[in-house]
Amino acid sequence: MGLRATPILYTLVPTLAVATGLYIYLADTLDYDRLWIWLAAINAVALPLWAFDKMQSKRKGGFRVPEKTLHLTAAAGGAPMSLAAMQLLRHKTLHKHFRWIYIGLMVPWGLVVFFWLSRP
């Protein structure tokens, strides 16, 4: 099984592993709600992921981050940074459906945050 056969394995798993490691480190270091720490960790990982894909898009034959990885990272809570990275890096801005996907993913996360803040 080659690198191109399972690109999600080589991109999503390390992305979530780094985000989880950062989450564990920050959870032990900081005294904040776990939800905020996770959202900070996954968003901190989303920007370098987009930057790497932008860098690779300029190289001929470079290994690209699959769109599925970008979408799943956004679904895990990284949608705000993904939207920001699209604009900052001017990457995949012609894909209008990306913007709507990420805005759509921010709605359920907004509800999670709303109910998290309104809990007793």
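Summary of the structure given here. Note on numbering: residues in each chain are counted from 1, in written sequence order. Where local features are concerned, this predicted model is filtered to residues with pLDDT of at least 70; where side-chain atom pairs are given and counted, the filter is 80 or more; whole-chain, interface and lining totals use all residues. Calculation of side-chain values draws on the structure's entire complement of heavy atoms; hydrogens and water are dropped beforehand.

## Quick notes on the packing of helix H3 (residues 67–89) against helix H4 (residues 96–117)
- Between the N-to-C directions of two axes lies an angle of 0 to 180 degrees, each axis being a line fitted to C-alpha atoms and, for a helix, fitted only over the stretch in contact. Starting at the N terminus, helices and strands are each numbered in turn, a helix being any DSSP run of H or I of at least four residues and a strand any DSSP run of E of at least two. Between H3 and H4, whose axes approach to 9 Å, the crossing angle comes to 100°. Taken together, the axes of H3 and H4 lie roughly perpendicular to each other.
- Per-class residue counts for the contact of H3 with H4 are 15 nonpolar, 4 polar and 2 charged. Note that the term roughly parallel is reserved for angles under 35 degrees, roughly antiparallel for angles over 145, roughly perpendicular for angles of 65 to 115, and oblique for everything else. Throughout, the ten residues Ala, Val, Leu, Ile, Met, Phe, Trp, Tyr, Cys and Pro are labelled nonpolar, Asp, Glu, Lys and Arg are labelled charged, and all others, Gly among them, are labelled polar.

## Examining H4
- If you check H4, its first and last C-alpha atoms are 32 Å apart, about what 22 residues at 1.5 Å a residue would give, namely 32 Å.
- With a 1.4 Å probe rolled over the protein chains alone, any residue whose accessible area is under 20% of its type maximum counts as buried; one over 50% counts as exposed, and the rest are partly exposed. Within H4, the full set of buried residues consists of Phe98, Tyr102, Leu105 and Val113.
- Note on contacts: a residue pair is in contact if any heavy atoms of the two residues lie within 4.5 Å. The secondary structure elements touched by the buried residues of H4 are helix H2 (34–58) and H3. Helix span, as expected, comes to 1.5 Å for every residue beyond the first.

## A word on the pattern of salt bridges
- A pairing counts as a salt bridge when a side-chain nitrogen of Lys or Arg comes within 4 Å of a carboxyl oxygen of Asp or Glu. Applying the stated criterion across every chain yields a total of 2 salt bridges.
- The salt bridge involving arginine 119 is made with aspartate 33; its shortest N-O contact spans 3.5 Å. Residue arginine 119 is found in the segment after H4, and its partner aspartate 33 is found in the loop between helix H1 (7–29) and H2; the two are separated by 86 residues along the sequence.
- For aspartate 33, a relative accessible area of 30% gives the class partly exposed.
- As a salt-bridge pair, aspartate 53 and arginine 64 come within 2.8 Å of each other at their nearest N and O atoms. Here arginine 64 lies in the loop between H2 and H3 and aspartate 53 lies in helix H2, a separation of 11 residues in the sequence.
- Since its relative accessible area comes to 0%, aspartate 53 is described here as buried.

## A short note on the side chain of threonine 15
- With respect to the helices, strands and loops of the structure, threonine 15 is situated in helix H1.
- Not counting chain neighbours up to four residues away, the residues in contact with threonine 15 comprise Val45, Leu49, Thr69 and Thr73.

## Considering a nonpolar patch on the surface
- Taken together, Leu30, Tyr32, Trp36 and Leu117 make up a surface patch of nonpolar side chains, about 430 Å² in accessible area.
- Its place among the elements puts leucine 117 in helix H4. Patch membership requires over 30% relative accessible area and the absence of a salt bridge. Like charges are linked within 9 Å, and nonpolar side chains (Val, Leu, Ile, Met, Phe, Trp, Tyr) within 5 Å. Values of accessible area rely on a 1.4 Å probe in the Shrake-Rupley scheme; residue burial ignores everything except the protein chains shown.

## Focus: the environment of leucine 105
- Along the chain, leucine 105 turns up in helix H4.
- Placed 47 residues apart in sequence, leucine 105 and lysine 58 show a C-alpha to C-alpha distance of 28 Å.
- Setting aside residues no more than four positions away along its own chain, leucine 105 makes contact with His71, Ala74, Ala75 and Ala79.

## Quick word on the nonpolar core
- Note on terminology: a nonpolar core comprises buried Ala, Val, Leu, Ile, Met, Phe, Trp, Tyr and Cys residues joined through side-chain atoms within 4.5 Å. By size, the foremost hydrophobic cluster in this structure holds 12 residues: Leu49, Trp50, Val65, Leu70, Ala74, Ala79, Leu83, Ala85, Met86, Phe98, Tyr102 and Leu105.
- Contributions of two or more residues to this core are made by H2, H3 and H4.
- Looking at which element gives the most residues to this core, the answer is H3, with 6 residues.
- What alanine 85 contacts, discounting residues up to four positions off in sequence, is Leu47, Trp50 and Arg90.

## So, H1
- In a regular helix each residue adds 1.5 Å, so 23 residues correspond to 33 Å; H1 covers 33 Å between its end C-alpha atoms and thus fits that length.
- When we look at burial in H1, the residues that qualify are Thr11, Leu12, Thr15, Ala19, Leu26 and Ala27.
- Tucked into the core, H1 has its buried residues touching H2 and H3.

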